[in-house]
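Chain by chain, the residues:
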Amino acid sequence: MSEMQTAPQQVDAVVVGAGFAGLYQLHRLLKQGLNVRSFEAGNGVGGTWYWNRYPGARVDSQSHLYQYWFSDELLAEWNWGERFPAQPETERYLNHVCDRFGLREHITFGTRVTSADFDNASERWLVTTDKGERLSAQFLVMNTGGLSVPLPPPFKGHETFKGVTCHTSHWPSEGIDLDGKRVAVVGTGATGIQVIQTIADRVGEMTVFQRTANYTIPMRNPKLTDADRATMRAGYPAMKGHVQKTFAGFDFDFDPRPFAELPAEERQRVMEEGWADGSLKFWMGTFGDVFFDAGVAEIFSDFVRDRIRARINDPKVADKLVPKGHSFGTRRVPLETGYYEAFNRSNVHLVDVNEDAILHVDATGIQTASGHHDFDVIIYATGFDAGTGALTSIDVRGRAGVTIRDAWASGIRTTMGLQVHGYPNLFMTMGPYSPAAAFCNVPTCLDQQVDWISDAIAHVRAKGARALEPMAETEAKWLEHNDEVAKITLVAQTNHSWYTGANVAGKERRLLAYAGGVGPYRELCDDVRARGFAGFALT
Ligand code: NAP
């Protein structure tokens, strides 16, 4: 046995993941004086923005909101180029942050954490990597992302395809040659939409396989000027605290007036104004009733359906692309740029798999009920094991020696999406039952969660304690509260969405994200912290 195997490296904390959350987490813990090792499966920083380099990958939050708030110097010096930055710009930003704050030397790239076992005697985590490293850490922070584990291709025979095939989240950095090629795209979620609209004019022929048409909002994405950036910067001091108080972590929030009490012209005016913003404001910054009131959601649905239909030349194609069977806002609403116009091109074809089911994939393409389609490239934009996938793919064994995967098989549970009873000193960001899991401008929520986790760790150290863990009754109360809030929303009632785990066979059907709003959630977290982490056991 080598020495490395017998004597694990002693560290204060292991941080897993070097994306938006992981970088800030590492920065905070280093500043608090901890000895930290960070592990990242990718060969570079960025997380989502490292892996998702498919054509058209772009942020659906405005650049002034999709960034870190912890450093005024950083806010002053980084110049965003577009209102909605594309993947390369976001990846550059994260690399800049990594180097500016001296984080890179603490990160081990190209390395996956494969297991973490809690040792009851020492109350420390024994962490193992796929490179054979072993570490003993007091704290284990999983900044592993909510949408980081792609689902395998869902069709029989996919491995027999002789052409090029790729899940969007594993797009090779050297790219895929699509020029003039016969390309299949499976999936029309936020990712599929971005791919389709971006490659339509490059490919020879493209066939899009759609199962569910989504409601979308046209993105308004001007290049930013120095004047724009100056205006943005002037707004930062006020915005910094404000985004933590809104429903979804943006700088806009719901109109407080009940929809039902407003005259039709006023409702229309607010909706038109939200629409014209070309952002998620139409969804998360007009009327909150759209989340709770089926009648209001239907009015929003019709508003969007009319606008989609008007852009599609062929009424038969329009019938397929106009969403039905669910209401606006009950599934993630993607932003788009020229998506519907792509279907007006003669080289783009749409197959509704509800009418013409995919039977299998073979060496040359895709067999549907009505015939065979030959392809050079098959792109799977088929989504992720959201919220839980990253944690259940690692063998994380808590006090009772049970993996989170097994523990969650009989019911996913967390305390505020930050910790799990039975897993002391294990922390997570974007975990189930926090707004970050779905209903948040992600950096806003990560900022808040990393701060809370870092303060919790500081608390344990200040008390000279070994571990912090939510009590069983605290967790039960959180789940009860989470479900109480969820059950009045339309999202929780909409099956067939990754929001409710319905995109993964065998996964529990339960709203994965806390729907009470970013502001109220932050207040609850702040309250726990202010009361000395009340409801959590210190050992
Ligand atoms: P997704 O929303 O889960 O979409 C997956 C797509 O694949 C859906 O259209 C789904 O159809 C389809 N699909 C899955 N299995 C299928 C099958 N067997 N046959 C036919 N179709 C199948 O995944 P995503 O588009 O990657 O997006 C995931 C999330 O990532 C988004 O909701 C968003 O939160 C985030 N994201 C954000 C951005 C951004 O900020 N710009 C961009 C991309 C992604 P059904 O709908 O019928 O299940």
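Note that the coordinates shown come from a computational prediction; the quantities given were computed from them, not determined experimentally. (Residues numbered from 1 in each chain as written. Predicted model: local features only at pLDDT ≥ 70, side-chain atom pairs only at ≥ 80, totals over all residues. Heavy atoms only, no water.)

Asker: Help me get a handle on the overall build of the chain, residues and values and all.
Answerer: If you tally the helices and strands in the chain, you get 18 helices and 20 strands. In terms of overall dimensions, the chain is globule-like: its C-alpha atoms have a radius of gyration of 23 Å, near the 24 Å expected for 539 residues. With the principal axes as the frame, the chain shows a C-alpha extent of 70 × 60 × 50 Å. Looking at the 539 residues of the chain, the share that counts as buried comes to 58%. When contacts within the chain are restricted to residue pairs at least 6 apart in sequence, those whose partners lie at least 24 apart make up 72%. Roughly 20700 Å² of accessible area belongs to the chain as shown, and the carbon and sulfur atoms make up 52% of that amount. A gap of 2 Å separates the mean positions of the 54 positive and 65 negative side-chain charges of the chain. (Helix = DSSP H or I, 4+ residues; strand = E, 2+ residues; numbered from the N terminus. Rg over C-alpha atoms; globule rule 2.2 N^0.38 Å. Buried < 20%, exposed > 50% of the residue type's maximum accessible area, 1.4 Å probe, protein only. Contact = heavy atoms within 4.5 Å. Areas by Shrake-Rupley, 256 points an atom, 1.4 Å probe, with all protein chains shown as cover. Lys, Arg positive; Asp, Glu negative; His and termini not counted. Charge placed at Lys NZ, Arg CZ, Asp CG, Glu CD.)

Asker: Lay out the nonpolar core with the relevant residues and their values.
Answerer: Phe328 and Trp452 are the most contacted members of the largest nonpolar core, which totals 159 residues. Considering every element that reaches this core, the biggest residue donor is helix α15 (residues 442-462), with nine residues. Apart from the residues lying within four places of it in its own chain, the contact partners of Phe328 are Tyr215, Ile217, Phe282, Trp283, Val290, Ala297, Phe300, Ser301, Val304 and Val333. Residues Phe155, Val361, Ile378 and Tyr380 belong to the second largest nonpolar core, which totals 13 residues. (Core = buried A, V, L, I, M, F, W, Y, C linked by side-chain atoms within 4.5 Å.)

Asker: Can you lay out the state of the cysteines for me, pointing to particular residues and giving the numbers?
Answerer: Here a disulfide denotes one covalent bond, and it connects the sulfur atoms of two cysteines. A full pass over the atoms with the stated rule returns one disulfide. Through a disulfide, Cys440 is tied to Cys445; the S-S separation comes to 2.0 Å. Its S-S torsion of approximately 100° makes the covalent link between Cys440 and Cys445 right-handed. Each member of the pair, Cys440 as well as Cys445, carries the same accessibility label: buried. Not part of a disulfide, Cys525 finds its nearest cysteine sulfur in Cys445, a span of 9.5 Å. Residue classification places Cys525 among the buried positions, given a relative accessible area of 0%. (Disulfide = S-S within 2.5 Å.)

Asker: Tell me what's going on with the sheet that holds strand β15 (residues 371-374), and back it up with residues and numbers.
Answerer: Read across the sheet, three strands follow the order β13-β14-β15 without closing on themselves; strand pairing throughout is antiparallel. Strands at the two margins of the open sheet, each flanked by one partner only, are β13 (358-361) and β15. Strand-to-strand twist in this sheet, taken as the mean axis angle between neighbours without regard to direction, amounts to 25°. For β13 and strand β14 (residues 365-368), the ladder comprises three bridges, and the chain directions are antiparallel. Counted as the bridge partner of Val361 is Ile366 from β14. (Pairing = 2+ DSSP bridges. Axes fitted to C-alpha atoms, helices over the stretch in contact; angles between N-to-C directions.)

Asker: Can you lay out helix α5 (residues 87-100) for me, pointing to particular residues and giving the numbers?
Answerer: With 14 residues, α5 should cover 20 Å at 1.5 Å per step; its first-to-last C-alpha distance of 20 Å lies within 8% of that length. Listed in full, the buried residues belonging to α5 are Gln87, Glu89, Thr90, Glu91, Tyr93, Leu94, Val97 and Cys98. Buried residues along α5 sit against α2 (20-31), α3 (48-51), α4 (72-77) and β3 (107-108). Looking at the residues trailing α5, positive phi occurs at Gly102, about 60°. (Expected span 1.5 Å × (residues − 1).)

Asker: So, the site of the ligand: which residues are in play, and what are the values?
Answerer: In the neighbourhood of the ligand, 24 residues make up the surrounding shell, with Arg58, Thr191, Thr212, Arg331 and His496 lying closest. In this structure, Arg58 approaches the ligand through a main-chain N or O atom, which is 2.5 Å from a nitrogen atom. Here the ligand has 910 Å² of accessible area as a free molecule, and 86% of this is covered by the chains. Taken together, the residues of the shell around the ligand break down into ten nonpolar, nine polar and five charged. (Near = heavy atom within 4 Å. Polar contact = N/O pair within 3.5 Å; in protein donor to acceptor, adjacent residues only side chain to side chain. Nonpolar A, V, L, I, M, F, W, Y, C, P; charged D, E, K, R; others polar.)

Asker: So what's going on with the environment of Thr90? Which residues, and what values?
Answerer: The residue Thr90 is located in helix α5 in this model. Thr90 sits 70 residues away from Phe20 along the chain, and the two C-alpha atoms are 9.9 Å apart. With sequence-adjacent residues up to four places away left out, Thr90 is seen in contact with Phe20, Trp49, Val59, Tyr66 and Pro85.

Asker: Break down the packing of α2 against α15 for me, citing the residues and quoting the values.
Answerer: Following both chains from N to C, one finds α2 and α15 inclined at 30°, their axes separated by 9 Å at the closest point. Between α2 and α15 the crossing geometry is right-handed. The residues of α15 that touch α2, namely those facing Phe20, Ala21, Tyr24, Gln25, Arg28 and Leu29, are Pro443, Leu446, Asp447, Val450, Asp451, Ile453, Ser454, Asp455 and Ile457. Per-class residue counts for the contact of α2 with α15 are nine nonpolar, two polar and four charged. (Left-handed = near helix turned anticlockwise from the far one by under 90°.)

Asker: Break down the sheet that holds strand β8 (residues 182-186) for me, citing the residues and quoting the values.
Answerer: Taken together, five strands build an open sheet; the order of strands is β7-β16-β8-β9-β12 and the sheet is parallel. The strands lining the two open edges of the sheet, one partner per strand, are β7 (164-167) and β12 (348-352). Between one strand and the next, the sheet's axes are offset by a mean angle of 15°, whatever the strand orientation. As paired elements, β8 and strand β9 (residues 205-210) share five bridges and run parallel to each other. Residue pairing across strands places Ala184 opposite Thr207, the latter belonging to β9. Against the sheet, helix α6 (residues 190-199) makes contact with β8, β9 and β16 (377-380), and its axis sits at roughly 160° relative to β8, the strand it touches most.

Asker: Pulling in residues and values, what's your account of the pattern of salt bridges?
Answerer: For the coordinates displayed, the defined rule picks out 43 salt bridges. Arg397 is the partner of Asp117 in a salt bridge, and the nearest nitrogen-oxygen pair spans 3.7 Å. Of this pair, Asp117 sits in strand β4 (residues 113-119) while Arg397 sits in strand β17 (residues 395-397), placing them 280 residues apart in sequence. Via salt bridges that share partners, Arg28, Asp451, Asp455, Arg522, Asp526 and Arg529 belong to a single interconnected network. (Salt bridge = Lys/Arg side-chain N within 4 Å of Asp/Glu carboxyl O.)

Asker: Give a detailed account of the packing of aromatic side chains, specifying residues and quantitative values.
Answerer: Scanning all chains against the criterion turns up 42 aromatic pairs. Note on Phe118 and Trp125: the rings are 5.2 Å apart at their centroids and 65° apart in plane angle, and the pair reads as edge-to-face. Note on accessibility: Phe118 and Trp125 belong to one class, buried. Taken together, Phe20, Tyr24, Trp49, Tyr66, Tyr68, Phe70, Trp78, Trp80, Tyr93 and Phe101 form an aromatic cluster joined through their ring pairs. Lying over the aromatic face of Tyr50, Arg53 brings its terminal NZ or CZ to 5.1 Å of the ring centre. Over the face of the ring belonging to Phe303 we find Arg307, whose NZ or CZ atom lies 3.5 Å from the ring centre. (Phe/Tyr/Trp six-rings, centres within 6.5 Å; stacked < 30°, edge-to-face > 60°. Lys NZ or Arg CZ within 6 Å of the ring centre and 35° of its normal.)

Geometric values such as these leave the question of function open.
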